[in-house]
Amino acid sequence: NAGVMQNPRHLVRRRGQEARLRCSPMKGHSHVYWYRQLPEEGLKFMVYLQKENIIDESGMPKERFSAEFPKEGPSILRIQQVVRGDSAAYFCASSLTRDPNTEAFFGQGTRLTVV
Amino acid sequence: GNSVTQMEGPVTLSEEAFLTINCTYTATGYPSLFWYVQYPGEGLQLLLKATKADDKGSNKGFEATYRKETTSFHLEKGSVQVSDSAVYFCALSDQNTNAGKSTFGDGTTLTVKP
């Protein structure tokens, strides 16, 4: 049973380009969460999606960032016109239910570097 | 809002030393509390959790007790190993949020020297 799969593991983009980060949740999980980890900091919640729906995007920057979780395929976090400050590790997690006592499983992250 | 405050690092210990990493929290209601571990270049792995007051979570020799009176969830291990070197995150999720929407502390880096 594969865990949460994120790709790519490392992504380098020039300022102004688009970054697309992919996350395949654990088998059977329909709840996906994206987090950002800036250097030397903890994880900050960005967005929570449940198949085809955005449930909570309270942590998403208002511009340039978007997320989707289509009926088929992985969840995508898209960052348009990247800037140096977007350089960070982006982690995806998935859970079986939305119950707060349910364990969320994390992927290995995508490390985005904007040059 | 919810918040988690962790002991600042880095922490450097010799092998077989006793470990304590302090964690205190602020939350409404009765949150669930977690410790995650992040090895270099890896994602987070759940280390242990406690879902109600006075519960003790334990795993791999680590343990933490949910103390509602002091709003704390300190991580302890009696004898650390070099392989325990990692970043440790304290986190909470409250009953008004969802499984994966947790509030994390900033992490504490532990280095264990042989």
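Since the model is a prediction, treat every value here as computed from it, not as a measurement.

Caption draft 1: Spatial organisation of the overall build of chain A. Secondary structure assignment for chain A yields 0 helices and 11 strands. Reading the helices (α) and strands (β) of chain A from amino to carboxyl end gives β-β-β-β-β-β-β-β-β-β-β. A principal-axis box enclosing the C-alpha atoms of chain A has dimensions of 40 × 25 × 25 Å. Across chain A, contacts joining residues at least 24 apart in sequence account for 52% of those joining residues at least 6 apart. Accessible surface computed for chain A: about 5800 Å², of which carbon and sulfur atoms make up 47%. A gap of 7 Å separates the mean positions of the 17 positive and 12 negative side-chain charges of chain A.

Caption draft 2: Just the pattern of salt bridges, in detail. Counted by the stated rule, this structure contains 8 salt bridges over all chains. Salt bridges linked by common partners bring E18, R20 and R78 of chain A together as one network.

Caption draft 3: Molecular detail of the state of the cysteines. All names here are of chain A. Following the criterion strictly, the structure yields 2 disulfides over all chains and no others. Each sulfur in the disulfide pair C23 and C92 lies 1.8 Å from the other. Measuring handedness by torsion sign, the sulfur bridge of C23 and C92 sits at about -55° and is left-handed. On the criterion of sequence distance, the pair formed by C23 in strand β3 (residues 19-24) and C92 in strand β9 (residues 88-95) is long-range, its members being 69 residues apart.

Caption draft 4: Molecular detail of the sheet that holds strand β7 (residues 56-59) of chain B. All names here are of chain B. Taken together, 4 strands build an open sheet; the order of strands is β3-β9-β8-β7 and the sheet is antiparallel. Looking at which strands have only one partner, the edges of the open sheet turn out to be β3 (19-21) and β7. Averaged over all pairs of adjacent strands, the angle between their axes in this sheet comes to 15°, without regard to strand direction. Here 3 bridges tie β3 to strand β9 (residues 75-77), and the two strands are oriented antiparallel to one another. What sits directly across from T20, in β9, is E76.

Caption draft 5: Up close: the nonpolar core. All names here are of chain B. One finds W35, L48, F73, L75 and Y88 to be the most contacted residues of the largest nonpolar core, which totals 25 residues. Secondary-structure elements contributing two or more residues to this core are β2 (11-14), β3, β4 (23-26), β5 (32-38), β6 (44-50), β8 (62-65), β10 (86-93) and β12 (108-113). In terms of residue count, β10 provides more of this core than any other element does, 4 residues in total.

Caption draft 6: Spatial organisation of unusual backbone geometry. Geometrically, the link from N7 of chain A to P8 of chain A is a cis peptide bond, its omega value of -5° lying close to zero. Inspection of the secondary structure puts P8 of chain A in the loop between β1 (5-7) and β2 (10-13). The omega torsion of the bond from G9 of chain B to P10 of chain B falls at -5°, within 30 degrees of zero and hence cis. Unusually for a residue other than glycine, Q81 of chain A sits at a positive phi of about 50°. The topology assignment puts Q81 of chain A in the loop between β8 (75-79) and β9. Of note, K60 of chain B is a non-glycine position whose phi angle comes to about 55°, a positive value.

Parameters at a glance
Residues numbered from 1 in each chain as written. Chains lettered and ligands numbered in written order. Predicted model: local features only at pLDDT ≥ 70, side-chain atom pairs only at ≥ 80, totals over all residues. Heavy atoms only, no water. Helix = DSSP H or I, 4+ residues; strand = E, 2+ residues; numbered from the N terminus. Contact = heavy atoms within 4.5 Å. Areas by Shrake-Rupley, 256 points an atom, 1.4 Å probe, with all protein chains shown as cover. Lys, Arg positive; Asp, Glu negative; His and termini not counted. Charge placed at Lys NZ, Arg CZ, Asp CG, Glu CD. Salt bridge = Lys/Arg side-chain N within 4 Å of Asp/Glu carboxyl O. Disulfide = S-S within 2.5 Å. Pairing = 2+ DSSP bridges. Axes fitted to C-alpha atoms, helices over the stretch in contact; angles between N-to-C directions. Core = buried A, V, L, I, M, F, W, Y, C linked by side-chain atoms within 4.5 Å. Buried < 20%, exposed > 50% of the residue type's maximum accessible area, 1.4 Å probe, protein only.

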